[in-house]
Amino acid sequence: MINPVILSGGSGTRLWPLSRKSYPKQFVPLIGDESLFQASARRLSGNGFAPPLVLTNDAFRFVVIEQLAQLNMVPQGTLIEPEGRNTAPAILSAALWLQKTAPGSLMLIAPSDHVVPDAAAFHEAVEIGRIAAEAGKIVTFGISPKHPETGYGYLELAEAPSETINPIDLVRFVEKPDSARAEQMVASGKHLWNAGIFLGSSTTIIAAFQKHAPDLMDPVERAINDADEDLSFTRLATAPWSEVRNVSIDYAVMEKSDNLVVVPFSAGWSDLGGWDAVLREMGPDDRGVATSGNATALDCTNTLLRSEDDRVELVGIGLDNIIAVATPDAVLVADASRAQDVKQAVDALREKGAKQAEAFPRDNRPWGWYETLALSSRFQVKRIVVKPGGTLSLQSHHHRSEHWIVVEGTAKVTIGDEVKLITENQSIYIPLGSKHRLENPGKLPMTLIEVQTGPYLGEDDIIRYEDVYARQ
């Protein structure tokens, strides 16, 4: 049985404005109706696969569970990293966790934000690598390059792949090259793109860390041994985790290991590392144009137009080599050749204090979501959507009172010792300082409009007394 290990704690910025720190690209449906995380979980399932072990952070733990539930999946475990420390500590923690629960079992380590259209071909590649992994090798998967890409690292093989796919010894990892070097490597036939996907037993992975990154062993082991169980999550211990070096798996272990082999894979892959990659994966028409949502292209070539809001019509006329992405609160317009520079734009927005750099207008919570419709110095209007069975914490506020108007569904409202059911077109007032709670007892989403009034309206003016989601 292969244990999928899905890494989903990243906060990519190269796909801004659709991917932001508060809700990054792995949870967004960039290609098709499923998110990249869901597509990854589905791809790493089926005969021969155990339920996934997911590594993420506190902000995304309920997103992970909800998106898996939509696929009728329950993870075998969800490890919560106190803070991001790159891929090496995350992978080591997964190996140590699996060594306790399924000693010596195979683990297939994969990012959650890649696109692999042919899942059956990927499963075949995994089966080819299984024998080598069971024999104590670490298997990585190299992607047959489609063009001289400068945004990927490469794997140099001992020999060029043949028509019969077999594991090939790895000579070395190659850093992201310039364009001339990329052309040389692609022409050689012995270089593949580095997909960052690994297959090996937990015993082999741990032994590699013990040999090549021994400084990581003690703090990560303590973070696992001292972890807290929180609902269905495992919180790695904060104190030892703070001692862990921030380092990638390639630098810490893989570049130093002498037992790596590569399984070539040519059935299609992308890490969606920029909007130019999204354009390719969306399947542009014969003029190189792809559109999504309320977007219209007139006399355009080699262009991507996406509108992510039903209220925004995006129209391009006579464009060539352009990326335009519109969301409710931000618009990106860029030359496609500058797709990798979107991260610079996010840095610039962050420096000027623009909230759009990291956060969306819609704030996702374990019970549902809310968005601000109007905001002034002494009032704020929100739309709040609570999913079926969702329950907000029992709370109070020092600085604001609230009016709730239910516009869809039924709300169960607690104010002090009184509990009421409020249906559509009914409203209720929550005085300043009152303990209160909102629940959705129905089987459909419940929507209400909240009007806050007071001298301070920040989200940190919440005193929680009880919370079914055990938020800290």
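Treat the numbers as computed from the prediction; the structure is a model and nothing was measured.

Caption draft 1: Main features of the domain arrangement of the protein. Here the protein is partitioned into domain 1 (2–265), domain 2 (284–339) and domain 3 (362–466). Using C-alpha coordinates to define each centre, domain 2 is positioned 37 Å away from domain 3.

Caption draft 2: Up close: the packing of helix H1 (residues 36–43) against helix H2 (residues 61–69). The contact between H1 and H2 brings their axes to 10 Å, and the two run at 55°. Judged on the interaxial angle alone, H2 and H1 are oblique. Our pair here, H1 against H2, has a crossing hand that is right-handed. For the pair H1 and H2, contact is made by Phe37, Gln38 and Ala41 and by Val64, Gln67 and Leu68, respectively. For the contact of H1 with H2, the class distribution of residues is four nonpolar, two polar and no charged.

Caption draft 3: How the structure looks around unusual backbone geometry. Residue Pro17 follows Trp16 across a cis peptide bond; omega there is 10°. By secondary structure assignment, the location of Pro17 is in the loop between strand E1 (2–7) and H1. Its identity is not glycine, yet Leu272 carries a phi of approximately 45°, on the positive side. Inspection of the secondary structure puts Leu272 in the loop between strand E11 (260–265) and helix H10 (275–281). Looking at Leu272, the relative accessible area reads 0%, which means it is buried. With phi around 60°, Asn321 is a residue other than glycine that occupies positive phi space. Checked against the element boundaries, Asn321 lands in the loop between strand E15 (314–317) and strand E16 (322–326).

Caption draft 4: Inspection of the sheet that holds strand E20 (residues 379–386) at higher detail. What the six strands build is an open sheet, ordered E18-E19-E20-E27-E22-E25; its pairing is antiparallel. The strands lining the two open edges of the sheet, one partner per strand, are strand E18 (362–365) and strand E25 (427–430). If you compare each strand with its neighbour and ignore which way they point, the axes differ by 20° on average.

Caption draft 5: Representation of the UniProt feature "domain: Nucleotidyl transferase" (unreviewed entry) in the protein. As recorded in UniProt, the sites labelled "domain: Nucleotidyl transferase" (unreviewed entry) are residues 4–280. Within residues 4–280, the helical portion is 33% and the strand portion 22%, while the C-alpha atoms at the span's ends are 27 Å from each other.

Caption draft 6: The arrangement of the packing of helix H3 (residues 87–101) against helix H6 (residues 202–212) in detail. For the pair H3 and H6, interaxial distance at closest approach is 9 Å and the crossing angle is 135°. Compared by their axis directions, H3 and H6 come out oblique. Considering how the two elements wind past one another, H3 and H6 form a crossing that is left-handed. Facing H3, whose interface residues are Ala88, Ile91, Leu92, Ala95, Leu96, Leu98 and Gln99, H6 presents Ser202, Thr203, Ile205, Ile206 and Phe209. Each residue belonging to the contact of H3 with H6 can be placed in one class, and the counts come to nine nonpolar, three polar and no charged.

Caption draft 7: Structural context of the pattern of salt bridges. Applying the stated rule across the entire model yields 28 salt bridges. Between Arg130 and Glu127 there is a salt bridge, with its nearest N and O atoms 3.2 Å apart. One end of the pair is Arg130 and the other is Glu127, both in helix H4 (residues 119–134) and three residues apart, which spans about a single turn. On the basis of relative accessible area, Arg130 is assigned to the buried category, the value being 16%. In this structure, Asp299 and Arg287 form a salt bridge, with 3.3 Å as the shortest nitrogen-oxygen distance. Residue Asp299 is located in the loop between strand E13 (295–298) and strand E14 (304–307), and its partner Arg287 is located in the loop between H10 and strand E12 (290–292); the two are separated by twelve residues in the primary sequence. Beyond isolated ion pairs, a larger network of salt bridges with shared partners links Asp58, Arg61, Asp230 and Arg235.

Caption draft 8: Just the sheet that holds E12, in detail. Pairing is mixed in the open sheet, where four strands are placed in the order E12-E14-E16-E17. Only two strands of the sheet have a single neighbouring strand rather than two, namely E12 and strand E17 (331–335). The mean angle between the axes of side-by-side strands here comes to 5°, regardless of whether they run parallel or antiparallel. As defined by bridge partners, E16 adjoins E17 across five bridges and the pair is classed as antiparallel. What sits directly across from Val325, in E17, is Leu332.

Caption draft 9: Layout of the pairing of strand E24 (residues 418–422). Taken together, the five bridges between strand E23 (residues 411–415) and E24 define a ladder with antiparallel strand orientation. Paired with Ala411 across the strands is Ile422, a residue of E24. In this antiparallel pair of consecutive strands, E23 and E24, the connection spans two residues, and Gly416 shows a positive phi of 65°.

Caption draft 10: Here's a closer look at the packing of aromatic side chains. Taken as a whole, this structure holds ten aromatic pairs when the rule is applied. Judged by centre distance (6.1 Å) and plane angle (50°), the ring pair of Tyr23 and Phe27 falls under tilted. Both residues of the pair, Tyr23 and Phe27, belong to the buried class. Residues Phe122 and Phe265 carry aromatic rings whose centres are separated by 6.0 Å and whose planes lie at 85° to one another, so their mutual orientation is edge-to-face. Of this pair, Phe122 sits in helix H4 while Phe265 is found in strand E11, placing the two residues 143 residues apart along the sequence. Each member of the pair Phe122 and Phe265 is classed as buried. Through pairs of rings, three or more aromatic residues link up here, namely Tyr23, Phe27, Phe37 and Phe60. Sitting over the ring of Phe360, Arg20 keeps its end group 4.3 Å from the ring centre. Above the plane of the ring of Trp369 lies Arg362, whose end atom (NZ or CZ) is 3.5 Å from the centre.

Caption draft 11: Region of the structure containing the pairing of E18. Across four bridges, the pairing between E18 and strand E19 (residues 368–375) is antiparallel. Looking at the pairing, Arg365 lines up with Gly368 of E19.

Caption draft 12: Spotlight on H6. Turning to H6, its buried residues are Ser202, Thr204, Ile205, Ile206, Ala208, Phe209 and His212. Where the residues of H6 are buried, they touch H3, strand E4 (106–111), strand E5 (138–143), strand E8 (191–201), helix H7 (217–225) and helix H9 (249–252).

What counts and how
- Residues numbered from 1 in each chain as written.
- Predicted model: local features only at pLDDT ≥ 70, side-chain atom pairs only at ≥ 80, totals over all residues.
- Heavy atoms only, no water.
- Domains from an automatic or database assignment.
- Axes fitted to C-alpha atoms, helices over the stretch in contact; angles between N-to-C directions.
- Helix = DSSP H or I, 4+ residues; strand = E, 2+ residues; numbered from the N terminus.
- Parallel < 35°, antiparallel > 145°, perpendicular 65-115°, else oblique.
- Left-handed = near helix turned anticlockwise from the far one by under 90°.
- Contact = heavy atoms within 4.5 Å.
- Nonpolar A, V, L, I, M, F, W, Y, C, P; charged D, E, K, R; others polar.
- Buried < 20%, exposed > 50% of the residue type's maximum accessible area, 1.4 Å probe, protein only.
- Pairing = 2+ DSSP bridges.
- UniProt positions renumbered as here; feature names shortened; annotations may be inferred.
- Salt bridge = Lys/Arg side-chain N within 4 Å of Asp/Glu carboxyl O.
- Phe/Tyr/Trp six-rings, centres within 6.5 Å; stacked < 30°, edge-to-face > 60°.
- Lys NZ or Arg CZ within 6 Å of the ring centre and 35° of its normal.

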